[in-house]
Amino acid sequence: MDLSNSTQSAGLHAAEFGEGAFFLAVHGFPFDHEMWLPLVSYLSDDCRLVFPDLRGFGKTPLPVSRVTTMRQFAEDLRQFLTQKKPTSRIVICGLSMGGYVALHFARMFPECLSGLILCDMKAAADLQTAADNRRRRADALPTTGLSALADAMIPNLFAPAVDEEKIQKVRRMILRQSVNGTAAADRGMAERPDMTDWLPEIHTPTLVVCGEQDQISTPAEMKTIAERLPSADFATIPNAGHLSPLESPEVFAAHVKDFLKKIS
Ligand code: MLT
């Protein structure tokens, strides 16, 4: 049964659940809003959960463009909020690529925020080789296809304890994305700036969350992010890898609830 209210604002498709504090969750790469669905049963009594599909992902089309920058995604979300008209400041939560976007948003539009949640992400830019690899991967995607991308990514996304059903769900989510939207975001990530020096300037209360077995953005790296932020708590999620909200939604949601209580 789908209890969501599916909406379209400022060109972004979104699913909404529950009532309360406005909680905007920004998906990672190459996923869509459905990655957040495991949290609904744990958080919809506490929050108005709003899960948009970023441009070029899920049901949101990609305007003609070869590159989608993290800044562009953040500007889209600002437009989206202008139409949604939340009654007070919101919490933005982003995982990995969604975390790059959330950090851009926090820097560009701090007046909109009461809280920031950064999950399984990095503040540093890609090294030159990694950026070149992303651009090559994006250019080859129309030929290699999303199935090859899923095969390459999935072994690094989960903790060993994950069940097969979750892996298959994520695989299906990757396969239904648009090739052009995925390639444009990959190119956008290749040119994202180093955000490390921004961290001391982000005064929004922040929760930094990391799967204990995240191999892509490790707990050690994320702890450093939390230490550089003026007002941040750091939490790790046991038995979870890079997709901690999806792998361990109950524990993840408990950290979110504590954080929401703290900032209310
Ligand atoms: C993600 O999960 O969004 C990706 O790992 C981000 C990235 O490739 O840097």
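See the structure above.
Residues numbered from 1 in each chain as written. Predicted model: local features only at pLDDT ≥ 70, side-chain atom pairs only at ≥ 80, totals over all residues. Heavy atoms only, no water.

Chemist: For this particular structure, what's the right way to read the overall build of the protein?
Modeler: When its secondary structure is counted, the protein shows nine helices and eight strands. Here the C-alpha atoms of the protein give a radius of gyration of 17 Å, agreeing with the 18 Å that 2.2 N^0.38 yields for 264 residues. When the accessible area of the protein is evaluated, it comes to approximately 11,300 Å², of which 50% is carbon and sulfur surface. (Helix = DSSP H or I, 4+ residues; strand = E, 2+ residues; numbered from the N terminus. Rg over C-alpha atoms; globule rule 2.2 N^0.38 Å. Areas by Shrake-Rupley, 256 points an atom, 1.4 Å probe, with all protein chains shown as cover.)

Chemist: Where do I start with the site of the ligand in this structure?
Modeler: Taken together, the neighbourhood of the ligand is formed by Gly 28, Phe 29, Phe 31, Ser 96, Met 97, Tyr 100, Arg 134, Met 189 and His 242. Residue Ser 96 places a side-chain N or O atom 3.1 Å away from an oxygen atom belonging to the ligand. In the model, an oxygen atom of the ligand is placed 3.0 Å from a nitrogen or oxygen of the His 242 side chain. Isolated, the ligand exposes 270 Å² of accessible area, and the fraction of that covered by the protein chains is 93%. For the shell around the ligand, the class distribution of residues is five nonpolar, three polar and one charged. (Near = heavy atom within 4 Å. Polar contact = N/O pair within 3.5 Å; in protein donor to acceptor, adjacent residues only side chain to side chain. Nonpolar A, V, L, I, M, F, W, Y, C, P; charged D, E, K, R; others polar.)

Chemist: Just checking my understanding: could you explain the side chain of Asp 32 for this structure?
Modeler: Looking at the secondary structure, you find Asp 32 in the loop between strand S3 (21-26) and helix H1 (40-43). Separated by 2.9 Å, the side chains of Asp 32 and Gln 177 make a polar contact. In this structure Asp 32 touches His 27, Asp 53, Gly 58, Met 173, Arg 176 and Gln 177, once residues within four positions along its chain are discounted. (Contact = heavy atoms within 4.5 Å.)

Chemist: Teacher, can you tell me more about helix H9 (residues 249-263) here?
Modeler: For H9, with 15 residues, the first-to-last C-alpha span of 21 Å sits near the 21 Å given by 1.5 Å per residue. Of the positions making up H9, those classed as buried are Pro 249, Phe 252, Ala 253, Val 256, Phe 259 and Leu 260. Burial along H9 is one-sided: seen end-on, the buried residues are contained in an arc of 120°. In this structure, H9 carries Glu 250, Lys 261 and Lys 262 as exposed residues pointing more than 90 degrees from its buried face. (Expected span 1.5 Å × (residues − 1). Buried < 20%, exposed > 50% of the residue type's maximum accessible area, 1.4 Å probe, protein only. Arc of directions from axis to C-beta.)

Chemist: Explain helix H4 (residues 128-153) here, please?
Modeler: The periodicity of an α-helix, 3.6 residues per turn, causes residues three or four places apart in sequence to face the same way. If you check H4, its first and last C-alpha atoms are just 20 Å apart, much less than what 26 residues at 1.5 Å a residue would give, namely 38 Å. The largest bend along H4 measures about 105° and falls at Thr 144. Taken residue by residue, H4 has Ala 131, Arg 134, Ala 138, Leu 141, Gly 145, Leu 146, Leu 149, Ala 150 and Met 153 as its buried positions. Looking at the buried positions of H4, the neighbouring elements they touch are helix H3 (97-108), helix H5 (164-175) and helix H6 (179-190). (Bend = angle between axes of the 7 residues up to and from the residue.)

Chemist: What should I look at first to understand the pairing of strand S4 (residues 47-52) in this one?
Modeler: Taken residue by residue, a regular strand's side chains alternate between the two faces of the sheet. Burial of S4 is extensive: five of the six residues sit out of reach of the surface. When strand S2 (residues 12-17) meets S4, the two strands line up antiparallel, connected through four bridges. Each bridged residue has a counterpart across the sheet, and for Glu 16 the counterpart in S4 is Val 50. Direction of pairing for S3 relative to S4: parallel, over a ladder of four bridges. Within S4, the residue paired with Phe 23 across the bridge is Leu 49. (Pairing = 2+ DSSP bridges.)

Chemist: I'm lost on the packing of H4 against H6 in this one. Help?
Modeler: Helix packing geometry: the angle between the two helix axes and the distance between the axes. Contact geometry of H4 with H6 gives a least axis separation of 8 Å together with a crossing angle of 160°. Here H4 lies roughly antiparallel to H6, going by the angle between them. In this structure, H4 crosses over H6, and the sense of that crossing is right-handed. In this structure, H4 contributes Ala 131, Arg 134, Arg 135, Arg 137, Ala 138, Asp 139, Leu 141, Pro 142, Leu 146 and Leu 149 to the contact, and H6 contributes Val 179, Thr 182, Ala 183, Asp 186, Arg 187, Met 189 and Ala 190. Residues of the contact of H4 with H6, tallied by class, amount to 10 nonpolar, one polar and six charged. (Axes fitted to C-alpha atoms, helices over the stretch in contact; angles between N-to-C directions. Parallel < 35°, antiparallel > 145°, perpendicular 65-115°, else oblique. Left-handed = near helix turned anticlockwise from the far one by under 90°.)

Chemist: For this particular structure, what's the right way to read the pattern of salt bridges?
Modeler: Pairs can form between side chains of opposite charge whenever their charged atoms are close. Enumeration according to the criterion identifies 17 salt bridges in this entry. Residue Arg 66 pairs with Asp 139 through a salt bridge whose shortest N-O separation is 3.5 Å. Of this pair, Arg 66 sits in the loop between S4 and helix H2 (70-84) while Asp 139 sits in helix H4; the two residues are 73 residues apart in sequence, bridging distant segments of the chain. Exposure remark for Arg 66: the relative accessible area of 54% places this residue in the exposed category. Each of Asp 126, Arg 134, Arg 137, Asp 186 and Arg 192 takes part in one network of salt bridges that share partners. (Salt bridge = Lys/Arg side-chain N within 4 Å of Asp/Glu carboxyl O.)

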